[in-house]
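Structure at a glance
The lines below spell out each chain.
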Number of protein chains: 2
Amino acid sequence: MVSIKDVARIAGVSDKTVSRVVNREPNVTQDTIEKVQSAIDALGYIPNLAARSIRSSRTNIIGIITDYISTTPYSGDIVRGVQDWAGANGRTVLLANTDGNAEREANIWRTFKAHRIDGVLYVAMYHRTVAPASGDVSIPTVLVNSHAEAGLTYSSIEPDDFGGSYALTQHLVELGHRRIGYIRLNPLLLGANQRLDAFLAATQAGGIAENDIIVRLGMEGPIGAETNYVYREALSILSMPNRPTALVCGNDEMALQAYLAALSLGLRIPDDITIVGFDDFRTVSLALKPELTTVALPYYDLGWQGAEMLNDLAEGASAIERRILKCNLVGRQSSK
Amino acid sequence: MVSIKDVARIAGVSDKTVSRVVNREPNVTQDTIEKVQSAIDALGYIPNLAARSIRSSRTNIIGIITDYISTTPYSGDIVRGVQDWAGANGRTVLLANTDGNAEREANIWRTFKAHRIDGVLYVAMYHRTVAPASGDVSIPTVLVNSHAEAGLTYSSIEPDDFGGSYALTQHLVELGHRRIGYIRLNPLLLGANQRLDAFLAATQAGGIAENDIIVRLGMEGPIGAETNYVYREALSILSMPNRPTALVCGNDEMALQAYLAALSLGLRIPDDITIVGFDDFRTVSLALKPELTTVALPYYDLGWQGAEMLNDLAEGASAIERRILKCNLVGRQSSK
DNA sequence: ATATCGAATGTCGACGTCGTCATTTCAATT
DNA sequence: AATTGAAATGACGACGTCGACATTCGATAT
């Protein structure tokens, strides 16, 4: 590999002068700059960041630790947000995936430390409580789409499931719905409870009677291997003699199944039944006809802002911040 | 940061001896090993990989360059496959995303070279032809889910869209379907043509008359901003007086729309109409009721095997290999 | 011509690790 | 006790970069 010394030799200057040119330091003649630059171009010289980092003890690398990357398709957008921030700020991203395996996680922390990375974004693919196994040597860490278990202090950034669900429910109340069905997510998911709680709070605030609320469990069991009751429950709710006029689903994938149930019963959406989802998982929400009213999770922003927070931390900010990002209602044609 | 010298001082040995222990070199007394090990544990010493790499000019880092990571949800599995291989083989993964932007791509190559990574996996998120902008200095590179434009020589690994589509079509012929509709993908996608070609070849081989094949265009326009005709075309095909008994969709998302169209016409799946997809995009294929017969893309294996191929290349193998991975038929309840 | 001073450039060493080679230790053999 | 040889350990330098400091250069003022 061509090094700074090779460039120096070709340009007929010292290695330090090349270094000055590369790092755009002042007090270098225009003439010298050109000589050096053409030597760089001729040799295709690219500075060795490893060497740089052992001198400066700063790597400009941030690490991402993810868990179940493939179970929640769009959460990859978190990673994209981080990457875009990194690209815009001269950082590089090291990525590793635990698959929920503790031993693997410990290894990843070790490797990241060996790389002397500047910080870690600990990204949960579904919104939940986590306990990073960072070990004794500490690295600046920000939890993304998650927060720390009781007793652990980490900065974190999360979506406002509660607020999003509240807004969505309010939307239905404003449309005049007085009897509403609800199919809830796997209770293991943090969002499941927050969304349901907000739904119940908003319906109550909207003056809807308790027995005009029909709540059913849509899924349960371990993440990635859950049992799915959604279709059956949707059929059951929609077959009730006094069927509700709106059906709220824990997420868009559930809404899809509710669509199928509704259509197979000959119901038209949204004329006979309003159906709404959550996540704005676009491969589903936009493919459904009519397109689905849902709530968008701010995945990309979680990543971008999480990276910003991490940067603050790595620069010395010591305050622990717990940031909550808004989930916006996305009104489409499935609600009326 | 604690270095090898700190450990040496505490253990009362030379830095080289610590190095020997860390790297499990022979000819070290058991006694010394223990002394050193306890110093390592006490200090929490972790070797600095950057320092190691400037000596050995081997980083054990492989880079992944992706394009449109968020448009094809499950293709993140390619990355997961790479990561798993890396984890199992002591490598670390550097990740960057071009978003289809050439300038960004050039920057990424520069950065990767600056990190002196061992090789690059150039991953396309949808199957296509690519022209990596790797610049003059070369790094071992393998193209994943893509192959090189004419004139460029790169090793590559791709899914066998043709074979998968052929098997799927054959399955329908074997089920006795003699009149079949086909909604095709955006022609910009490489898979679009391969899948359609295989469909036409398999129907012809199965003795189906040309005018019993109804092909419609489902999508067109730039990736990520296409116009979608699927629902309309599905309705149109399914409303024909002599409607086909099976409908093949370019991918699972299209199949979803075909389901909606069929149900809204009061048709039952699969009794009145067989519908099949492609991709085995599980959030859709398993959520559909009945579950969708489709073809699985070997995303994970593309990643894992791509990493293997890259490793061979980095170790000195000079042969260019073009590997094609099988796409397996996944029979479920939507075909009969 | 000479002194002065800032600008331009160079020399040197340190960062952390490990290969090379030299030195020390120790047990086995004469 | 002296010799031998292998095993164990250490000293040193190089990898590529850049900070600290030293030196040289060139222009201006005397």
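Residues numbered from 1 in each chain as written. Chains lettered and ligands numbered in written order. Predicted model: local features only at pLDDT ≥ 70, side-chain atom pairs only at ≥ 80, totals over all residues. Heavy atoms only, no water.

What follows is about the sheet that holds strand 6 (residues 180-184) of chain B. Residues and elements named next belong to chain B. Judged by pairing direction, the sheet is parallel, and its four strands sit side by side in the order 7-6-10-11 without closing on themselves. In the strand order of this sheet, the two ends are held by strand 7 (213-217) and strand 11 (274-276), each with one partner. Pairs of neighbouring strands in the sheet enclose a mean axial angle of 15°, with direction left out of account. As paired elements, strand 6 and strand 10 (residues 246-249) share four bridges and run parallel to each other. Each bridged residue has a counterpart across the sheet, and for Tyr182 the counterpart in strand 10 is Val248. Lying over the sheet, helix 8 (residues 190-205) contacts strand 6, strand 7 and strand 10, oriented at roughly 165° with respect to strand 6. (Pairing = 2+ DSSP bridges. Helix = DSSP H or I, 4+ residues; strand = E, 2+ residues; numbered from the N terminus. Axes fitted to C-alpha atoms, helices over the stretch in contact; angles between N-to-C directions. Contact = heavy atoms within 4.5 Å.)

Take the relation of the copies chain A and chain B next. For the pair chain A and chain B, the best superposition has an RMSD of 0.1 Å and corresponds to a rotation of 180° with a translation of 0.0 Å parallel to the axis. Given the turn and translation reported, the copies of this chain are related as if by a two-fold rotation axis. (Least-squares fit on C-alpha atoms with pLDDT ≥ 70 in both.)

Taken residue by residue, the interface counts 52 residues in chain A and 52 residues in chain B. Between chain A and chain B, roughly 4,800 Å² of surface is buried when both sides are summed, and carbon and sulfur atoms account for 66% of that area. The tally of links between chain A and chain B comes to three salt bridges. Between Arg104 of chain A and Asp84 of chain B there is a salt bridge, with its nearest N and O atoms 2.4 Å apart. Our enumeration of links across chain A and chain B arrives at 12 residue pairs in polar contact (both at pLDDT 80 or more). For the side of chain A that touches chain B, the elements supplying multiple residues, two or more each, are helix 4 (49-56), helix 5 (76-88), strand 2 (92-97), helix 6 (102-114), helix 10 (252-264) and helix 11 (282-285) of chain A. Ranked by residue count, the leading element in the side of chain A that touches chain B is helix 10 of chain A, at seven residues. With three bridges connecting them, strand 2 of chain A and strand 2 (residues 92-97) of chain B associate as antiparallel partners. From the neighbouring strand, Leu95 of chain A faces strand 2 of chain B, where its bridge partner is Val93 of chain B. (Buried area = accessible area lost by both parts, 1.4 Å probe. Salt bridge = Lys/Arg side-chain N within 4 Å of Asp/Glu carboxyl O. Polar contact = N/O pair within 3.5 Å; in protein donor to acceptor, adjacent residues only side chain to side chain.)

So, on to the sheet that holds strand 4 (residues 141-148) of chain A. In any sheet, the strands associate via hydrogen bonds between backbone groups, in a parallel or an antiparallel arrangement. Read from one edge to the other, the open sheet built from 12 strands follows the order 13(A)-5(A)-4(A)-3(A)-1(A)-2(A)-2(B)-1(B)-3(B)-4(B)-5(B)-13(B), with strand pairing classed as mixed. Two strands lie at the open edges of the sheet, namely strand 13 (322-325) of chain A together with strand 13 (322-325) of chain B, each paired on one side alone. In this sheet, neighbouring strand axes are inclined to one another by 25° on average, regardless of whether the strands run parallel or antiparallel. Contacts from helix 6 (residues 102-114) of chain B reach strand 2 of chain A together with strand 1 (61-66), strand 2, strand 3 (119-130) and strand 4 (141-148) of chain B, with the element oriented near 160° to strand 2 of chain B. Packed on one face of the sheet, helix 8 of chain B meets strand 3, strand 4 and strand 5 (155-159) of chain B and runs near 55° to strand 3 of chain B.

Residues and elements named next belong to chain A. Its place among the elements puts Leu302 in helix 12 (residues 299-314). Looking at Leu302, the relative accessible area reads 1%, which means it is buried. Note: C-alpha distance between Leu302 and Ile78 (224 residues apart in sequence) is 6.0 Å. In contact with Leu302, other than residues within four places in its own chain, are Ile78, Val144, Asn145, Ile157, Glu158, Pro159 and Leu325. (Buried < 20%, exposed > 50% of the residue type's maximum accessible area, 1.4 Å probe, protein only.)

The next thing to look at is the protein's contact with DNA strand C. Around DNA strand C there are 26 residues in total, and Thr17 and Thr32 of chain A together with Ile4, Arg52 and Arg55 of chain B lie nearest to it. Counting only the atoms of DNA strand C within 4 Å of the protein, the fraction contributed by sugar and phosphate is 57%. Between DNA strand C and Ser14 of chain A, the relevant distance is 2.8 Å, taken from a phosphate oxygen to a main-chain nitrogen or oxygen of the residue. In the model, a sugar or linking oxygen of DNA strand C is placed 3.0 Å from a nitrogen or oxygen of the Arg55 of chain B side chain. Those elements giving two or more residues to the surface near DNA strand C turn out to be helix 2 (15-22) and helix 4 of chain A together with helix 1 (4-11), helix 2 (15-22) and helix 4 (49-56) of chain B. The element contributing the most residues to the surface near DNA strand C is helix 4 of chain B, with four residues. (Near = heavy atom within 4 Å.)

So, on to the domain arrangement of chain A. Taken domain by domain, chain A comprises domain 1 (4-47), domain 2 (59-158 + 300-324) and domain 3 (161-296). Computed from C-alpha coordinates alone, the two centres of domain 1 of chain A and domain 3 of chain A are separated by 64 Å. (Domains from an automatic or database assignment.)

Next up on the list: helix 3 (residues 30-43) of chain B. Residues and elements named next belong to chain B. If you check helix 3, its first and last C-alpha atoms are 20 Å apart, about what 14 residues at 1.5 Å a residue would give, namely 20 Å. The complete set of buried residues in helix 3 reads Thr32, Val36, Ala39 and Ile40. Summarising the axial view, the buried residues of helix 3 lie within an arc of 100°, below the 170-degree limit, and thus occupy one face. Looking at helix 3, the residues exposed on the side facing more than 90 degrees away from the buried face are Asp41 and Ala42. On its buried face, helix 3 sits against helix 1 and helix 2. One or two residues past the end of helix 3 sits Gly44, with phi positive at roughly 70°. (Expected span 1.5 Å × (residues − 1). Arc of directions from axis to C-beta.)

Right, let's get into unusual backbone geometry. Trans is the common state for peptide bonds, and a negative phi is the common state for residues other than glycine. In the segment running from Ile269 of chain A into Pro270 of chain A, the intervening peptide bond is cis, with an omega of 5°. For Asp279 of chain A, which is not a glycine, the phi torsion comes out positive at approximately 115°. Of note, Ser57 of chain B is a non-glycine position whose phi angle comes to about 50°, a positive value. Mapped onto the secondary structure, Ser57 of chain B falls in the loop between helix 4 and strand 1.

Once that is clear, we can look at the protein's contact with DNA strand D. Neighbouring residues of DNA strand D: 26 residues in total, closest Ile4, Arg52 and Arg55 of chain A together with Arg20 and Thr32 of chain B. With respect to DNA strand D, the side chain of Asn23 of chain A contributes an N or O atom lying 3.2 Å from a phosphate oxygen. A distance of 3.1 Å separates a base nitrogen of DNA strand D from a polar atom in the side chain of Arg55 of chain B. Of all the elements in the fold, those that place two or more residues in the surface near DNA strand D are helix 1 (4-11), helix 2 and helix 4 of chain A together with helix 2 and helix 4 of chain B. Per-element accounting of the surface near DNA strand D gives the leading share, four residues, to helix 4 of chain A. Residue composition of the surface near DNA strand D, grouped by class: eight nonpolar, nine polar and nine charged. (Nonpolar A, V, L, I, M, F, W, Y, C, P; charged D, E, K, R; others polar.)

Attention shifts here to the packing of helix 4 of chain A against helix 4 of chain B. When two helices pack together, their arrangement is given by the angle between the helix axes and the distance between those axes. Between helix 4 of chain A and helix 4 of chain B, the shortest axis-to-axis distance is 8 Å and the interhelical angle comes to 135°. Viewed along their axes, helix 4 of chain A and helix 4 of chain B adopt a mutual orientation that is oblique. As for how helix 4 of chain A packs across helix 4 of chain B, the hand of that crossing is left-handed. Where helix 4 of chain A approaches helix 4 of chain B, its residues Ala50, Ala51, Ser53 and Ile54 of chain A are matched on the opposing element by Ala50, Ala51, Ser53 and Ile54 of chain B. (Parallel < 35°, antiparallel > 145°, perpendicular 65-115°, else oblique. Left-handed = near helix turned anticlockwise from the far one by under 90°.)

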